[in-house]
Structure formats: structure tokens, C-alpha cells
Amino acid sequence: MKDILRNKYLLLVSRIILALIFVFAGIEKISNPEQFAVSISNYRIFPVISLNIIAITLPWLEVITGVLLLFGVAVKENSAVIGTLMILFTVFVFTAMLRGLDIDCGCFATSDGQKVGLIKILENIGLILLSIHVYFFHHKLFSIEN
Amino acid sequence: MKPDYRKIFIIVLVSFALGFIYNFLSQNGISIIRQETEIIYDETINYDGNKDDIKINEIRALNTAQVYEIFTNKEAVFVDARDSWDFSDGHIPGAVNIPEYKFTPDDPNIKYLDKNRKIIVYCEGDQCEVSQRLAVELQKLGYKKVWIYFGGWKEWFENNLPAEKL
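About the thresholds
- Residues numbered from 1 in each chain as written.
- Chains lettered and ligands numbered in written order.
- Predicted model: local features only at pLDDT ≥ 70, side-chain atom pairs only at ≥ 80, totals over all residues.
- Heavy atoms only, no water.
- Helix = DSSP H or I, 4+ residues; strand = E, 2+ residues; numbered from the N terminus.
- Buried < 20%, exposed > 50% of the residue type's maximum accessible area, 1.4 Å probe, protein only.
- Contact = heavy atoms within 4.5 Å.
- Areas by Shrake-Rupley, 256 points an atom, 1.4 Å probe, with all protein chains shown as cover.
- Phe/Tyr/Trp six-rings, centres within 6.5 Å; stacked < 30°, edge-to-face > 60°.
- Lys NZ or Arg CZ within 6 Å of the ring centre and 35° of its normal.
- Axes fitted to C-alpha atoms, helices over the stretch in contact; angles between N-to-C directions.
- Parallel < 35°, antiparallel > 145°, perpendicular 65-115°, else oblique.
- Left-handed = near helix turned anticlockwise from the far one by under 90°.
- Nonpolar A, V, L, I, M, F, W, Y, C, P; charged D, E, K, R; others polar.
- Disulfide = S-S within 2.5 Å.
- Patch = residues over 30% accessible without salt bridge, like charges linked within 9 Å, V, L, I, M, F, W, Y side chains within 5 Å.
- Salt bridge = Lys/Arg side-chain N within 4 Å of Asp/Glu carboxyl O.

We now examine the overall build of chain B. Check the secondary structure of chain B and you find five helices and five strands. Helices (α) and strands (β) of chain B occur, in sequence order from the N terminus, as α-β-α-β-α-β-β-α-β-α. Every one of the 166 residues in chain B was classed for burial, and the buried ones make up 43%. Across chain B, every contact between residues at least 6 apart in sequence was considered, and the portion connecting residues at least 24 apart equals 65%. Split by element, the accessible area of chain B, about 9,700 Å² in all, is 54% carbon and sulfur.

Okay, structure coming up:
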């Protein structure tokens, strides 16, 4: 099992999938910050004054970590940030589910209508596993870092 | 091997900086601090509600005194947009509970709403937006005489106005 997880090509695939998802998710949100702010407000967790600050900064963190991960720069650090973000997102989706909120998750473009729900949580867990994989078994294949 | 926390700090800092710079330059930029929804109190309604030129999504609000007057005159149906748990804990007497979070156009309680009567939607109070969203949904269904009581249950309760428990 460990040999499979250490396989450098498998690691490259994990890294690229994770990176591309974050880059695309981030770009979609950057293009429409107001919509993203509304999506965040739907979770009813964050105070109103913080909504725009999150909507302005978070998408860029997603894009930057995604791009750096794609090119293999600071892979360990970026996969740690992405993994942490994914765990937080999953917690928020889960609490929204528990409170019975029927809302768009705001994960990608808000218009795609992905609802908060079990499928979203399973997707998120998949991404968490990918980031754990990349974090612990990182191989320098096609990486810029030295 | 632990990650280099200094690198993480730099990555986060640079991302946030780029976010603020982009937002400043972008046409779609938003204000850094979100303004809370501005409430426009309806001063001119004189409670007839017969405005046919009302636009959908227009939010008309009433204050506690206005709402109480309508309440004592039994001029309106009250709609409680909170969930049934909050509703059963206390609500404006006679209010109909239509939880916004699971609202569908065939909600069983919709039948209690008469299109010719005034409808006042409220929720917990302050900035809870569920009453706004529910009002918009009702407007889409053709209800024109919809107002929002932003003070909500909180303000009603604080003023020791009549309450009903299930």
C-alpha cells in the first residue's frame, strides 16, 4: 500500500487534480465577489462585517496555493494550507446540514447550484485525502522547488 | 518533516494582499466592510396596501408601532419565517409559521394566506434575512401586499407585546 502511495506518478496526479480544482474554484469566485459574499452569508456563521473581507481574500488564497501546487512550489506548505481549508469547508458544510440549511455551497460558481449535502461532504473528504496524500508522500517529480 | 510555517505565512499574506489589490482595481470590486442591509421604512402606506406599482424584490418595512397598530386592528396575516422550533417557543398571536429554509410554493401553510389581505413577514429580528427572502418568494407567487417587520420577534417580545406559545 505504501509503495502505491509513494508512486511518483500517482502523487503527480493527486497534486494536479487538487491544484486544478483549487485554481478553478478560486477564479470563479474572484470573478464575482458579491455573489460569493452572499454565499458565505447563507451559512449564517460569520458576522456581516467579515463577509466581504473573506470574499475578497479567500479566492486568492485558493488560486495562489493551487498554482504553486500545480508547479510544485512549496508543495508541503501549499498542501497543508489546502488541506486545512478543505477541513474547514467540510465543517461548515456539515454544520449547515445539521441546521437544515438548504443553501448553495458556494464551492464553485454560485450559479452551478451545488447544494450543501452529503455528496458535497464526500467530495470534500476526497479532496482532504488527496491533500493528505500529497502532503505526506510528496515526490519532486515535475516540481520547481529544490 | 514539518512544513515551513514561515512559507505558509508568506503565501497567505501575499494571497490576501493580491486579493485586496485586485478588489481595489477591479470593476466588480466590493467594499471591504460589508454594509448591513439598509432598511427603508414605509411611511406612506396608510395601511391600504393597494399599490399595484410595487416592484418585486422591493422591501418595504414597518416599525414596531405600525405593526402593533395593524395587529390590534387585525388588518394583516402575520407570517413567521423562523423554523418551527423557534415558532413554538413564542410568536405573534395568530401568526402562520412558514419556515424560510425549507420554503416551497406548495407549502401547506400557504393556503392560510389571502392575496387580498396584508401580509407581514417577520423572523427573529435585527439582520435576519430570512424574512426578506420569504417576502420575495411570496411576491413571486403573486402576493402584493407584503411587508417586513424587521424588528421581528426580538423587538416584539422586548416591548412586552402579546405573545402566543404552541
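Moving on, we get to the packing of aromatic side chains. Applying the stated criterion to the full structure yields 10 aromatic pairs over all chains. Between the aromatic rings of Tyr-68 of chain B and Phe-71 of chain B, the centroid separation amounts to 6.2 Å while the plane-to-plane angle is 25°, which identifies the pairing as stacked. Of this pair, Tyr-68 of chain B and Phe-71 of chain B both sit in helix H2 (residues 64–72), three residues apart, which is roughly one turn of the helix. You can call Tyr-68 of chain B partly exposed: its relative accessible area is 32%. Judged by its relative accessible area of 15%, Phe-71 of chain B is buried. Members of the aromatic cluster, connected to one another through ring pairs, are Tyr-68, Phe-71, Phe-78, Tyr-149 and Trp-156 of chain B. Seen from the ring of Tyr-135 of chain A, Lys-76 of chain A lies directly overhead, with NZ or CZ sitting 4.2 Å from the centre. For Lys-115 of chain B, the ring lying beneath its charged end belongs to Tyr-143 of chain B, and the centroid distance is 5.3 Å.

Okay, the packing of helix H4 (residues 48–70) of chain A against helix H5 (residues 75–98) of chain A next. All names here are of chain A. Following both chains from N to C, one finds H4 and H5 inclined at 140°, their axes separated by 9 Å at the closest point. Overall, the two elements H4 and H5 adopt an arrangement that is oblique. Every pair of crossing elements has a handedness; the one defined by H4 and H5 is left-handed. Contacts from Leu-58, Leu-61, Glu-62, Thr-65, Gly-66, Leu-68 and Leu-69 of H4 reach H5 at Val-75, Asn-78, Ser-79, Val-81, Ile-82, Leu-85 and Phe-89. Of the residues belonging to the contact of H4 with H5, the class tally is nine nonpolar, four polar and one charged.

Moving on: the environment of Leu-101 of chain A. Residues and elements named next belong to chain A. Secondary-structure assignment places Leu-101 in the loop between H5 and helix H6 (118–137). Residues Leu-101 and Arg-44, spaced 57 residues apart in sequence, show a C-alpha to C-alpha distance of 9.4 Å. Non-local contacts of Leu-101, meaning those with residues more than four positions away in its chain, are made with Asn-42, Tyr-43, Arg-44, Ala-96 and Val-116.

So, about the state of the cysteines. What we call a disulfide is simply a covalent bond connecting the sulfur atoms of a pair of cysteines. Under the counting rule described, the total for this entry stands at one disulfide over all chains. Through a disulfide, Cys-105 of chain A is tied to Cys-107 of chain A; the S-S separation comes to 2.0 Å.

Turning our eyes to something else, we now look at the side chain of Thr-65 of chain A. With respect to the helices and strands, the residue Thr-65 of chain A is situated in helix H4. Setting aside residues up to four positions removed in sequence, Thr-65 of chain A forms contacts with Phe-22, Asn-78, Val-81 and Ile-82 of chain A together with Ile-11 of chain B.

All names here are of chain A. A cluster of nonpolar residues, Phe-94, Met-97, Leu-98, Leu-118, Leu-122, Ile-125, Leu-129, Ile-132 and Phe-136, forms a patch on the protein surface that exposes about 920 Å² of accessible area. Looking at the nonpolar patch, the elements that each hand over two or more residues are H5 and H6. If you tally residues by element for the nonpolar patch, the top one is H6, at six residues. Positionally, Ile-125 belongs in helix H6. Take Ile-125: its relative accessible area is 38%, and that puts it in the partly exposed class.

Any functional reading would require information beyond the geometric quantities listed.
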